[in-house]
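# Notes for the structure review
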Amino acid sequence: MVARLRIATRQSALALWQSEHVAARLRQLHPGLHIELVPLSTRGDQVLDRPLAQIGGKGLFLKELEVAMQAGHADIAVHSLKDVPMELEDGFAIGAILDRADPFDAFVSNRFERFQDLPQGACVGTSSLRRQAQLRARRPDLRLLDLRGNVNTRLAKLDSGDFDAIILAAAGLERLGFHERIRERLSAPDWLPAAAQGAIAIEIRDGDDSINKVLSGLHDAETATRVDAERAMTRRLQGSCQVPIAAFAERNGDQLHLTGLVGDATTGELMRQTASGPIDAPIALGIAVAEALLEDGAGRLLNALT
């Protein structure tokens, strides 16, 4: 059994909470295991004046953590799975996926209780193209402005009066104790989250069997099945944060139901497809929904962005 485990993590409050959560769960499973956090700053954390789509995408939150693992300074890395690229760099793998928290987005405002209460021309903050596409589809009158930074930074910008409302992941708010800031959950089927939103993933060096054994008790099979379908759809569409893609899978008995969306953040045009399949074939279901979206013309929206 491994005696010491070092966790590479970003330095934001949410990333540290997630890593401490993993550490606490591991201590319960393995009393006596010595766990250290290795906080690191990533390029995605450092460049806050431009949307992620303009500086290289979500992989910017992983690189420094992977370098630390390669160099032997850390054994695992903890991520929000929605920030993990569809294809990892060679030499790395997902060792465990924890049970999923609230997968949906949250409407946060100091003046308005519900999204539909926003007045004509209200200013809403989000840098997510997925969120922008769905906002424009619902309310083309809104002014959408980029909003980067950690959860505390985004809330501070709202509180300073820069925005009438902002859209954040509900799970992040809840994990940091900001439950009361959520005015309304934007949930399926009307509003779709990012693939794997609300799930925590643990990245390891590929083939590290000793670490895999330590993590095995954390893995949640049902969450993994759901996010496998969502990520398979996104992978087939060659999606990243540069593309407004959303996906949400739910289990219904021995069936998995998946809804996928491709949008245009400029016009608000949305394309949706849904399908169901056996619970033990999530990847096939994800690919099927992606193919249906492409047949419906989603390729036109995707090609316009590349």
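Structure first, text after, so check above.
Computed from a predicted structure; not experimentally measured. (Residues numbered from 1 in each chain as written. Predicted model: local features only at pLDDT ≥ 70, side-chain atom pairs only at ≥ 80, totals over all residues. Heavy atoms only, no water.)

### Focus on the pattern of salt bridges
Summed over the entire model, instances satisfying the criterion amount to 21 salt bridges. For the salt bridge of D164 with R111, the shortest nitrogen-to-oxygen distance reads 2.9 Å. Of this pair, D164 sits in the loop between α6 (151-159) and β8 (165-169) while R111 sits in the loop between β5 (105-108) and β6 (123-125), and the two are 53 residues apart along the sequence. A salt bridge links D159 to R181, with the shortest nitrogen-to-oxygen separation between them at 2.6 Å. Linking D159 in helix α6 with R181 in the loop between α7 (170-175) and β9 (184-186), this pair joins segments that are 22 residues apart in sequence. Accessibility expressed as a relative area gives 45% for D159, which makes it partly exposed. Among the charged side chains, a network of salt bridges with common partners joins R6, D75, R205 and D208. (Salt bridge = Lys/Arg side-chain N within 4 Å of Asp/Glu carboxyl O. Helix = DSSP H or I, 4+ residues; strand = E, 2+ residues; numbered from the N terminus. Buried < 20%, exposed > 50% of the residue type's maximum accessible area, 1.4 Å probe, protein only.)

### Description of the nonpolar core
Ranked by internal contacts, the top residues of the largest apolar core, which has 20 residues, are V22, L26, I76, I202 and L215. With 19 residues, the next largest nonpolar core counts V262, L285, A290 and A298 among its residues. (Core = buried A, V, L, I, M, F, W, Y, C linked by side-chain atoms within 4.5 Å.)

### Examining the sheet that holds β6
Strand order in the open sheet formed by five strands is β7-β6-β8-β5-β9, and the pairing between neighbours is mixed. Since the sheet does not close on itself, it has two edges, and those belong to β7 (143-145) and β9, each with one partner. Here the strands of the sheet are splayed against their neighbours by 30 degrees on average, with no regard to which way each runs. Two elements, β6 and β7, share three bridges in a ladder whose sense is parallel. Bridge pairing in β7 links V124 to L144. Helix-sheet contacts for helix α5 (residues 129-138) involve β5, β6, β7, β8 and β9, and the interaxial angle to β8 is about 135 degrees. (Pairing = 2+ DSSP bridges. Axes fitted to C-alpha atoms, helices over the stretch in contact; angles between N-to-C directions. Contact = heavy atoms within 4.5 Å.)

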